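Residue-level structure breakdown
Read off the chains here:
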Amino acid sequence: MYLHGTSKINPKGHLEIGGCDTVELKETYGTPLYIMDEALIRQRCREYMEAFRASGLQFQVAYASKAFCVMAMCRLAEEEGLSLDVVSEGELFTALEAGFPAHRIHFHGNNKTPEELEMAIQANIGCFVVDNFVEMHMLQALAAEKGLKVNILLRVTPGVEAHTHEYISTGQTDSKFGFDIGNGSAFDAVELASRSQNLRLLGLHSHIGSQIFEVEGFQLAVERVAQFALHVKDKLNVIFKVINLGGGFGIRYTAEDTPLKVSDYVKAITDAVKSSFAGAYPQLPEIWVEPGRSIVGDAGTTLYTVGTSKDIPGVRKYVSVDGGMTDNPRPALYESKYEAMLANRGRDTAEETVSIAGKCCESGDMLIWDLELPQVKSGDLLAVACTGAYNYAMASNYNRIRRPAVVFVQNGQSDLVVKRESLQDITACDVIPERIAKQPSFK
Ligand code: LLP
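Conventions used here
Residues numbered from 1 in each chain as written. Predicted model: local features only at pLDDT ≥ 70, side-chain atom pairs only at ≥ 80, totals over all residues. Heavy atoms only, no water. Near = heavy atom within 4 Å. Polar contact = N/O pair within 3.5 Å; in protein donor to acceptor, adjacent residues only side chain to side chain. Areas by Shrake-Rupley, 256 points an atom, 1.4 Å probe, with all protein chains shown as cover. Nonpolar A, V, L, I, M, F, W, Y, C, P; charged D, E, K, R; others polar. UniProt positions renumbered as here; feature names shortened; annotations may be inferred. Helix = DSSP H or I, 4+ residues; strand = E, 2+ residues; numbered from the N terminus. Buried < 20%, exposed > 50% of the residue type's maximum accessible area, 1.4 Å probe, protein only. Contact = heavy atoms within 4.5 Å. Phe/Tyr/Trp six-rings, centres within 6.5 Å; stacked < 30°, edge-to-face > 60°. Lys NZ or Arg CZ within 6 Å of the ring centre and 35° of its normal. Pairing = 2+ DSSP bridges. Core = buried A, V, L, I, M, F, W, Y, C linked by side-chain atoms within 4.5 Å. Domains from an automatic or database assignment.

1. Focus: the site of the ligand
- Residues in close proximity to the ligand total 18 residues, the closest being Ser210, Glu290, Arg293, Arg330 and Tyr390.
- Interatomic distance of 2.7 Å between a side-chain N/O atom of glutamate 290 and a nitrogen atom of the ligand.
- A total of 580 Å² of accessible area belongs to the ligand in isolation, and the protein chains cover 86% of it.
- Grouping the constituent residues of the shell around the ligand by class yields 5 nonpolar, 7 polar and 6 charged.

2. A look at the UniProt feature "active site" (unreviewed entry) in the chain
- According to UniProt, the positions carrying the feature "active site" (unreviewed entry) are Cys361.
- Its location among the elements puts cysteine 361 in the loop between β19 (352-357) and β20 (366-373).
- Using a relative accessible area of 69% as the deciding quantity, one classes cysteine 361 as exposed.
- Not counting the four nearest positions on each side in its chain, cysteine 361 is found in contact with Tyr398 and Asn399.

3. Notes on the packing of aromatic side chains
- Counting across every chain of the model gives 12 aromatic pairs.
- Judged by centre distance (5.8 Å) and plane angle (55 degrees), the rings of tyrosine 48 and phenylalanine 249 are tilted. Linking tyrosine 48 in helix α2 (residues 38-55) with phenylalanine 249 in the loop between β14 (242-244) and α9 (262-277), this pair joins segments that are 201 residues apart in sequence. Both residues of the pair, tyrosine 48 and phenylalanine 249, count as buried.
- Ring centres 4.9 Å apart and planes at 65 degrees place the aromatic pair phenylalanine 277 and tyrosine 281 in the edge-to-face group.
- In this structure phenylalanine 277 comes out as buried when scored by relative accessible area, which is 0%.
- Among the aromatic residues, those joined into a cluster by ring pairs are Tyr34, Phe68, Tyr392 and Phe408.
- Here the basic side chain of lysine 112 rests over the ring of phenylalanine 107, its NZ or CZ set 5.9 Å away from the ring centre.
- Note that arginine 155 overlies the ring of phenylalanine 177, its terminal NZ or CZ placed 4.3 Å from the centroid.

4. What to know about helix α7 (residues 185-195)
- Among the residues making up α7, those that are buried are Ser185, Ala186, Phe187, Ala189, Val190 and Ala193.
- Looking at the buried side of α7, the elements it contacts are α6 (133-145), β9 (150-157), β12 (179-180), β13 (199-205) and α8 (216-236).

5. Structural notes on the sheet that holds strand β1 (residues 8-9)
- Taken in spatial order, the 3 strands of this open sheet run β1-β2-β3, and their pairing is antiparallel. Each edge of the sheet is formed by a strand with only one pairing partner; in this case those strands are β1 and β3 (20-21).
- Two elements, β1 and strand β2 (residues 15-17), share 2 bridges in a ladder whose sense is antiparallel. Note on β2: the bridge partner recorded for isoleucine 9 is leucine 15.

6. Some thoughts on the nonpolar core
- Among the nonpolar cores identified, the biggest contains 95 residues, and Phe128 and Leu154 are the most heavily contacted of them.
- Among the elements that line this core, the one with the most residues is α8, at 9 residues.
- Residue contributions to this core reach at least three from each of two domains, namely domain 1 (8-37 + 297-427) and domain 2 (108-291).
- Once you skip the residues sitting within four places of it in the chain, leucine 154 turns out to touch Val130, Met136, Phe179, Ala189, Val190, Ala193, Leu201, Gly203, Leu204 and His205.
- By size, the runner-up hydrophobic cluster in this structure holds 20 residues, among which are Val306, Tyr338, Leu367 and Leu382.

Right, here's the structure in full:
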């Protein structure tokens, strides 16, 4: 396993993260356990902030909280000077409960409910990223009712789609999100929004994908958005103050992944903005981005206890851990690859190839195929790296498995930021109707 951030093997041969011995973390908190390297999260936040400062442009870096949305993380993002992107009442509530300043919250989503819009208006959030005409009318009506003028960006689809090493430039984008530039709906949306008494149109938003390793897709998106912005300036005399380029900056899960440095992504974007808007705009727009994965992804490690194994001679050896697709659905959903090691035997050399299975009642519940490990024993600790983004966030109670605890570790100190669910939590929302309870029991 690639050791990064504050991860190292300590003199006892144990994996240590943030100065905390993972074997001791298991004793204190149990497993499965999500361990977040706080110093690495802060470092990533600072890399973004510094790269943008160096660009000389006005900017906001909004942490895309969907990647890992818990109150402690909202606080940490706030302390580092980031803004916050939320996509549901739940994420908004988490941020507000954590005391995140509402004016630095941006609200996304292709189907915000009237209740969600109302809640966000009440909270006086910084900006709505309006996705479609239905939402625009709803927001307009709600704001008018209250005599308010709310800030909006319009989400546009620039016809660029990027995934990892490929980006596809499509004319008409087949996407559930946003106003299409190519078919004129983005233009109509700008026209409508700019005439509204209750919507303050700050600018445009574009997000082209996730886990992207190259800058070309972002550069092309900037060019397309800029072209559209200049067209709008000519035709409608509307000038955008803000251009939001979304998230999607890739990270290293395994040796196959070759992300760029944060500063390289930021420089490519800000240079593209400078060259696309220079001369055409009275002043360069403010640039917002929304990194999620690249803030928290590689700071996370999941610690499991090894339980049973099944050796099928000549075929494969399955080694099962005490978690699985419930705490990390990404391998099942996206065939995502991870690196792992035995956290209690960090110096032992690899001797066998095993496949790591979860404990769910489903063959698809596999975490890692063909992993080289020392001879694995029941009771060993398996650490899976880079599980900070979209793991806790997408965890489920399938098979009524309890969701794990999350700890932040730094300078030899560990702090619980999410408690492990209890068995009581598992049935907390269950209700047995009187009618059923009254039935005589089966004899
Ligand atoms: N902004 C918008 C509008 C987004 O839709 C997303 C991610 C982000 C920002 C943050 O993207 P990031 O920097 O994290 O790549 N569950 C999937 C990832 C889904 C991403 C959805 N949108 C996974 O586990 O890979």
